[in-house]
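# Commentary on secondary and tertiary structure
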Amino acid sequence: MKVLLFLIALIPIVWLMVSLGALKMPGHKTCPFTLIVTILLAMVVWKMPAINAATATLEGFALAAWPILIVIIAAVFTYNLTVYTKSMDVIKKMMTSITTDKRILVLILAWAFGGFMEAIAGFGTAVAIPASIMAGLGFNPLFAAIICLIANTTPTAFGAIGIPVTTLAKVANIDVTQLSYAVGLQLSVLIVIVPVVLVMLTGKSVKAIKGFWGISLASGVSFAIPEVIAAKYLGAELPAILGSVVCMVVTIAVAKIFYKDTADKNVEKVSFKEGVLAWLPFILVFVFVILSSALFPPINKALSSIKTSVPIYTGQGATPYVFNWVSTPGTLIIIATFIGGMIQGAKFGEIAKVLGNTFKQMAKSSITIIAIVALAKVMGYSGMIKSISVVLVAATGSFYPLIAPIIGALGTFVTGSDTSSNVLFGGLQVEVARSLHLNEFWLAAA
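Below, the structure is looked at part by part. (Residues numbered from 1 in each chain as written. Predicted model: local features only at pLDDT ≥ 70, side-chain atom pairs only at ≥ 80, totals over all residues. Heavy atoms only, no water.)

## Concerning the overall build of the chain
Put simply, the test is: Runs of H or I in DSSP of at least four residues are treated as helices and runs of E of at least two as strands, each being numbered from the N terminus. Two things to know: the radius of gyration comes from C-alpha atoms, and the globule rule equals 2.2 Å times the number of residues to the power 0.38. A simple rule labels every residue: compare its accessible area, found with a 1.4 Å probe on the protein chains alone, to the largest value its type can have, and call it buried under 20%, exposed over 50%, or partly exposed in between. Residues count as neighbours in contact if any of their non-hydrogen atoms are within 4.5 Å of one another. Here the accessible surface of atoms and residues is derived via Shrake-Rupley with a 1.4 Å probe, and residues count as covered only by protein chains that are part of the display.
Secondary structure summary: the chain contains 21 helices and two strands in total. Computed over C-alpha atoms, the radius of gyration of the chain comes to 22 Å, within 12% of the 22 Å expected from 2.2 N^0.38 for 446 residues, which places it in the range of a compact globule. Considered along the principal axes of its C-alpha atoms, the chain spans approximately 70 × 50 × 45 Å. Counting the 446 residues in the chain, one finds 54% classified as buried. Long-range contacts, defined as pairs at least 24 residues apart, comprise 75% of the intrachain contacts of the chain with a sequence gap of at least 6. Counting only carbon and sulfur atoms, one obtains 70% of the accessible surface of the chain, whose full area is about 19,200 Å².

Listed below in structure tokens is the structure:
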């Protein structure tokens, strides 16, 4: 019976793999259909009352809308406004005036700047923006995209103001700060290794690292240490932001001091004022998120008190769903971007129009995310996730931690999103960890 329930519970997951991977169906179509199938299975096989299935779905909609979608939309809005105000052109000049050596450019653009874009915006901007800049500098466009994708592997975990980790913590009902620290520790070794790999790939040889060990290691270590510290003490929103900012400063400083002979002397210089104005929306996002974090308890407490608790799910173990209206990063990003845009010279109406266009741009992606989060809620509340975990534990025993990261990678491959993968399998990882009496934070992080 347990095996049969295991196989039935896998139907939504397998169908997502087939429809998205093999049949190439768009997510905004197949995910809602999969949600309906999941609800029917939960009601028929797991005997979930219709009212519980409906309210579990509704709670999933609420979680998807606030805080997940508002953060993603806000992050893409910030990027869209920098393009609208031409600030991205200034940033491009600044990024390319430091060196002409492609190995160093990869560290600055694909790794450090790409990491920053992932931390602030996510959703493909960490590849699209640096890769386009690199293509303009003479990189092969395909190589630029690939190298940015490889560079993006580690920042993704804390991407879009930490939304994958904060969402995982909410879905799995575990402490976000302890989870963040576990994620940061697991990533730390990879963060040091990846820049070395990027230099070798750019130079098309292992020997390409010769003479560039110092800047490669400095680029990795300067990213890893702030990220782990922020993850341990500040939660999920800031690790990748702090890591990437420190990494950019250190990498550029090392390039200017020790590799200054590689700089292009003919590039148009950007004044300090122009540079600050161009980066202002990102600077304000950084400042606002830090000020509202646990690092400043009075502000954090005041903003967190602006909330609404709404009872949604009606089943056993239900707790009211809390909407944090101001303290959520999405709200802070939108406010910071409006302020930054107006200081740059854009009118309020123009900025509002960019925000409206961003909502339209993200419409199909929003449907996909809403359906995936609701699906995960139904699977979790109905007992479907538990049915999967029971059999996996019995089949793998103490070896399960070895396949935990593979499950996470599979989820990202299937859904195209780290956040969606965490929503889909986060509860499963925690259930298995508890069954095996393992550290639930460590296994969820995996």
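## With respect to helix H13 (residues 272-291)
Because an α-helix completes one turn every 3.6 residues, residues spaced three or four positions apart along the sequence face the same direction. The test is simple: Expected helix span is taken as 1.5 Å per residue step, with the number of steps being one fewer than the number of residues. Note on bend: the value at a residue is the angle between axes fitted to the seven residues ending there and to the seven starting there.
For H13, with 20 residues, the first-to-last C-alpha span of 25 Å runs short of the 28 Å given by 1.5 Å per residue. The sharpest bend along H13 comes to roughly 60°, located at Leu280, with the proline Pro281 sitting one to four residues further on. Within the span of H13, buried status applies to Gly275, Ala278, Trp279, Leu280, Pro281, Phe282, Leu284, Val285, Val289 and Ile290. Lining the buried residues of H13 we find helix H4 (50-84), helix H5 (87-96), helix H6 (102-120), helix H9 (159-172), helix H12 (239-258) and helix H15 (329-344).

## Some points on the state of the cysteines
Here is the rule: Disulfide assignment relies on a single distance test, namely cysteine sulfur atoms paired within 2.5 Å.
Summed over the entire model, instances satisfying the criterion amount to zero disulfides. For the unlinked cysteine Cys148, the closest cysteine sulfur is that of Cys247, found at 14 Å.

## Structural notes on the packing of aromatic side chains
Short version of the rule: By convention, a stacked pair of Phe, Tyr or Trp rings (six-membered ring in the case of Trp) has centres within 6.5 Å and planes under 30 degrees apart, an edge-to-face pair has planes over 60 apart, and any other such pair is tilted. Any Lys NZ or Arg CZ that is within 6 Å of a ring centre and within 35 degrees of that ring's normal is treated as a charge sitting over the ring.
This structure, assessed with the given rule, holds 14 aromatic pairs. The interplanar angle of 75° and the centroid separation of 5.0 Å between the aromatic rings of Tyr321 and Phe323 together place this pair among those described as edge-to-face. For the pair Tyr321 and Phe323, a shared accessibility class is recorded, and that class is buried. The structure contains a cluster of three or more aromatic residues connected by ring pairs, namely Trp66, Tyr321, Phe323 and Trp325. Positioned above the aromatic ring of Phe139 is the side chain of Lys102, whose terminal nitrogen or guanidinium carbon lies 5.0 Å from the ring centre. Here Lys232 stacks its cationic end above the ring of Tyr181, 4.4 Å away from the centre of that ring.

## A short note on the packing of H6 against helix H8 (residues 141-151)
Just so we agree on the cut-off: Every axis corresponds to a line fitted to the C-alpha atoms, with the helix fit spanning only the stretch in contact, and the corresponding angles, defined between N-to-C directions, vary from 0 to 180 degrees. Here is the rule for handedness: rotate from the far helix to the near one, and if that takes an anticlockwise turn smaller than a right angle the crossing is left-handed, while a clockwise turn gives right-handed. Under this grouping Gly is polar, as are all residues other than the nonpolar Ala, Val, Leu, Ile, Met, Phe, Trp, Tyr, Cys and Pro and the charged Asp, Glu, Lys and Arg.
Relative orientation of the contacting elements H6 and H8 amounts to 65°, with a least axis distance of 8 Å. The crossing of H6 and H8 is right-handed. When H6 is examined against H8, the residues Val106, Ala110 and Trp111 are found in contact with a partner set consisting of Ile147, Cys148 and Ala151. Residues that form the contact of H6 with H8 fall into these classes: six nonpolar, no polar and no charged.

## Structural notes on H15
Taking 1.5 Å of rise per residue, 16 residues should cover 22 Å, and H15 covers 22 Å from first to last C-alpha, within 8% of that figure. Along H15, the residues that are buried comprise Pro329, Gly330, Thr331, Leu332, Ile333, Ile334, Ala336, Thr337, Phe338, Gly340 and Gly341. Those residues of H15 that are buried lie in contact with H4, H9, H13 and helix H16 (348-361). Positive backbone phi, approximately 115°, marks Gly345, located one or two places after H15.

## A closer look at the packing of H4 against H9
Going by this rule: Roughly parallel covers angles under 35 degrees, roughly antiparallel covers those over 145, roughly perpendicular covers 65 to 115, and oblique covers all other angles.
Close contact between H4 and H9 brings their axes to 9 Å; oriented N to C, the two are set at 160°. Put simply, H4 runs roughly antiparallel to H9. Where H4 crosses over H9, the handedness of that crossing is left-handed. For the pair H4 and H9, the contacting residues are Leu63, Pro67, Ile68 and Val71 in the first and Ala160, Ile161, Ile163, Thr167, Lys170 and Val171 in the second. Across the contact of H4 with H9, the residue classes break down as eight nonpolar, one polar and one charged.

## Topic: unusual backbone geometry
Cis geometry marks the peptide bond from Trp66 to Pro67, where omega comes out at 25°. Along the chain, Pro67 turns up in helix H4. Positive phi, close to 55°, is recorded for Lys47, a residue that is not glycine. Relative accessible area serves as the criterion here: at 63%, Lys47 is assigned to the exposed category. In the Ramachandran plot, Lys204 falls in the positive-phi region, its phi being about 55° despite a non-glycine side chain. Note on placement: Lys204 falls in the loop between helix H10 (176-202) and helix H11 (213-234). Under the relative-accessibility criterion, Lys204 is labelled exposed at 68%.

## What about the nonpolar core?
Put simply, the rule is: Nonpolar cores are built from buried Ala, Val, Leu, Ile, Met, Phe, Trp, Tyr and Cys residues. Side-chain atoms within 4.5 Å join them into one set.
Judged by nonpolar contacts, the single largest core of 150 residues is most densely connected at Met95, Phe113, Met134, Leu179 and Tyr400. It is H4 that contributes the most residues to this core, 17 residues altogether. Contact partners of Phe113, with chain neighbours within four places excluded, come to Met88, Ile91, Met95, Ile108, Ile129, Pro130, Ile133, Met248 and Trp279.

## Digging into a nonpolar patch on the surface
In plain terms, the rule: Residues with no salt bridge and a relative accessible area higher than 30% make up the patches, which join like charges within 9 Å and nonpolar side chains (Val, Leu, Ile, Met, Phe, Trp, Tyr) within 5 Å. Salt bridges are identified by distance alone: a Lys or Arg side-chain nitrogen within 4 Å of an Asp or Glu carboxyl oxygen.
A surface patch of nonpolar side chains, about 670 Å² in accessible area, is lined by Phe272, Val276, Ile283, Val287, Leu291, Leu295, Phe296 and Ile299. For the nonpolar patch, the leading source of residues is H13, giving five residues. Inspection of the secondary structure puts Ile283 in helix H13.

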